[in-house]
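Tertiary structure, described
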Amino acid sequence: MLQERVQFLIFRDAAYQQCIHPDCGAQFGIEQVVTGCNICGSLLDVKYDWNQAGTPTDWSYYQNKWGRRYAPLNFSGIWRFHELLPFATPEHVVTVGEGQTLLQQADFVSKYVGMDTGNLFLQYEGMNPSGSFKDNGMSAAFTHAHSVGAQRAACASTGNTSASLAMYCAVSQLMKAVIFIGSGKIAYGKLSQALEYGALTVQIAGDFDDAMKRVQEVCRELGIYLVNSINPFRLEGQKTIMFRVLEQLGWEVPDWIVVPGGNLGNSSSFGKAFIELKQLGLIDRVPRLAIINAAGADTLYELYENRGVRWNGGHIDRNVLQSYYDELDTSNKKASTIASAIEINRPVNFDKCLRALDFCDGVVRKATDQQILDAKAKVGIGGIGCEPASAASVAGAKMLREQGIIASSDRVVCILTGHQLKDPTATVAYHTTDQDKFNEVLGVRGVSRANFANRAVAVSNSLDEIIKAIKLYG
Ligand SMILES: *Cc1c(COP(=O)(O)O)cnc(C)c1O
Ligand SMILES: [Zn+2]
């Protein structure tokens, strides 16, 4: 134990923050609270001197920790990989057993997507303690917040970030949570968590993009620690989703990772994970990355696939971005989709996401609400289930398969970002609503029918009628 402790102290010296812009590259200490480069305004990375950190480059080292899972840091699916995100000392780590997730070989869903049997896998991040992948990043950011002595932490949220922050605050009693939500859609499962965990919940008259802007201003003004994914420590925790995917595939690299894209923190962190694993020699090839927008919140798709914006070694064409965002302003276009977790038009991690797409030879697609809800129904029939935004990954995989970009023999991992019970309203509406009322009830446009609806059968309270109905429909 003493030996482990000494090693971790060395780790901390090997970590720093660095501006991602190649012409700037300003460095900041690990103990500094700067959510962006205060010289050029770009995003920051958490970076490591791997040699100094002494990070083991043999998977068995990490695998062996599972045998010592009586220790909370070994049990956690994040901190089991501590040496691959060595910015914190163990006494600051805040863990509630996050990251106990399942990679399911989903043969039923595989048929729907058009893959060969055995080649489609679903990574169930809904199994995290607050029910979404956000716990991966929150455990890391919260740990950093704790290590710098923060008293309050805040986020803007479409729901899951706030649920996760509120949970870490409540369970650790280390900080007060302040959450900003827009006045539009927030799934009740998520809102109920924030309220029950006792977070100060500020509902502003505006959408997520408005809330995101305000929370940054408020954090600056009041010195509150910001835990949105603009915070580079969040992304360190989210890298471990990829480590666990690899672990469950026996450390074999799949051909594709398919992930929904909202604020683009997840996709950015996956890219960073693969860049680092390749550097360390823990993998010898890199999977391709597919990021799926909702059609009603398709900024990344539009800029990457239609307007040709690329990472370009960090020299991103800002003019194209600016004119796109100007168009959004002029036309007053707001994000709108049933997949509320990705209802975002101004993704804060856009630059890092381009870097990930560049490194992983990525593609971007957009899925309609119809495609998302039908895919969600199929994931549900296949078992476990997910919330609408998560199903964008499966809808996207199906699309890429139809376009011949994914081959049926490829090994594909779709990330299911959030739990089925987060948004029961969408699920029940899909299965019970009459077709002509569908859009009205769901508050969306363009969903023509619930292709895989499972309707409740209404019968009178009579044994004969019940038996007749079961024989008829069963
Ligand atoms: C936050 C969230 C997303 C979007 O992830 P980003 O990292 O912001 O792109 C997708 N699905 C669910 C369920 C989420 O909670
Ligand atoms: Zn900079």
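For the structure, see preceding data.
As the structure is a computational prediction, the values presented were derived from the model and not from experiment.

Before going further, it helps to spend a moment on the site of ligand 1. Close contacts around ligand 1 come from 15 residues, with Lys134, Asn160, Gly262, Asn266 and Thr417 the closest. Interatomic distance of 2.8 Å between a backbone N/O atom of Gly262 and an oxygen atom of ligand 1. Measuring from an oxygen atom of ligand 1, one finds a backbone N or O atom of Leu264 at 2.8 Å. The fraction of the free accessible surface of ligand 1 (380 Å²) that becomes covered by protein chains is 97%. Within the shell around ligand 1, the residues separate by chemical class into five nonpolar, eight polar and two charged.

Below, the discussion takes up the sheet that holds strand S13 (residues 412–416). Spatially, six strands are ordered S4-S5-S13-S10-S11-S12 in an open sheet, and the strand pairing comes out mixed. Of all the strands in the sheet, the pair left with one neighbour each is strand S4 (102–105) and strand S12 (363–367). The sheet shows a mean angle of 25 degrees between the axes of neighbouring strands, direction not considered. Where strand S10 (residues 256–260) lies against strand S11 (residues 288–294), five bridges are found, and the strand directions are parallel. Across the sheet, the residue bridging to Ile257 is Leu289, located in S11. Helix H15 (residues 369–381) rests against strand S5 (120–124), S11, S12 and S13 of the sheet, and its axis sits at about 90 degrees to S12.

Counted under the stated rule, the structure contains 13 aromatic pairs. Ring geometry for Trp59 versus Phe243: centroids 6.3 Å apart, planes at 55 degrees, classification tilted. Of this pair, Trp59 sits in helix H3 (residues 59–64) while Phe243 sits in helix H10 (residues 232–248), and the two are 184 residues apart along the sequence. Judged by relative accessible area, Trp59 falls into the buried class, the value being 8%. Taking the centre distance of 4.0 Å and the plane angle of 10 degrees together, the rings of Trp59 and Trp251 count as stacked. In this pair, Trp59 is assigned in helix H3 and Trp251 in the loop between H10 and S10, connecting sequence segments 192 residues apart. An aromatic cluster is present here, built from Trp59, Tyr61, Tyr62, Phe81, Phe243 and Trp251 joined pairwise through their rings. A cation sits over an aromatic face here: Arg310 above Tyr304, 3.8 Å from the ring centre. Its end group placed over the ring of Trp311, Arg355 keeps NZ or CZ at 5.9 Å from the ring centre.

This brings us to the coordination of the zinc ion (ligand 2). Distances from the zinc ion (ligand 2) to its protein donors, namely Cys19 (SG), Cys24 (SG), Cys37 (SG) and Cys40 (SG), fall within the range 2.3 Å. Between the four donor atoms coordinating the zinc ion (ligand 2), the angles at the centre fall across 96 to 115 degrees, so the site counts as tetrahedral. The motif formed by the donor residues of the zinc ion (ligand 2), counted along the single chain, is C-x4-C-x12-C-x2-C. The exposure class assigned to Cys37 is buried, which follows from its relative accessible area of 5%.

Another point: the packing of H10 against helix H11 (residues 265–280). Packed helices, taken two at a time, are described by the angle between their axes plus the distance between the axes. Interaxial distance between H10 and H11 falls to 8 Å at its minimum, and their mutual angle equals 65 degrees. Here H10 lies roughly perpendicular to H11, going by the angle between them. For H10 against H11, the interelement crossing comes out right-handed. Taken together, the residues of H11 that come into contact with H10 (itself represented by Leu235, Glu236, Gln238, Lys239, Ile241, Met242, Phe243 and Leu246) are Gly265, Asn266, Ser268, Ser269, Phe270, Lys272, Ala273, Phe274, Glu276 and Leu277. Of the residues contributing to the contact of H10 with H11, the split by class is nine nonpolar, five polar and four charged.

Definitions and cut-offs
- Residues numbered from 1 in each chain as written.
- Chains lettered and ligands numbered in written order.
- Predicted model: local features only at pLDDT ≥ 70, side-chain atom pairs only at ≥ 80, totals over all residues.
- Heavy atoms only, no water.
- Near = heavy atom within 4 Å.
- Polar contact = N/O pair within 3.5 Å; in protein donor to acceptor, adjacent residues only side chain to side chain.
- Areas by Shrake-Rupley, 256 points an atom, 1.4 Å probe, with all protein chains shown as cover.
- Nonpolar A, V, L, I, M, F, W, Y, C, P; charged D, E, K, R; others polar.
- Pairing = 2+ DSSP bridges.
- Helix = DSSP H or I, 4+ residues; strand = E, 2+ residues; numbered from the N terminus.
- Axes fitted to C-alpha atoms, helices over the stretch in contact; angles between N-to-C directions.
- Contact = heavy atoms within 4.5 Å.
- Phe/Tyr/Trp six-rings, centres within 6.5 Å; stacked < 30°, edge-to-face > 60°.
- Buried < 20%, exposed > 50% of the residue type's maximum accessible area, 1.4 Å probe, protein only.
- Lys NZ or Arg CZ within 6 Å of the ring centre and 35° of its normal.
- Donors = N, O, S within 2.8 Å, 3.2 Å for Na, K, Ca; no water.
- Tetrahedral: all angles 85-135°; square planar, octahedral: opposite > 155°, others 65-115°.
- Parallel < 35°, antiparallel > 145°, perpendicular 65-115°, else oblique.
- Left-handed = near helix turned anticlockwise from the far one by under 90°.

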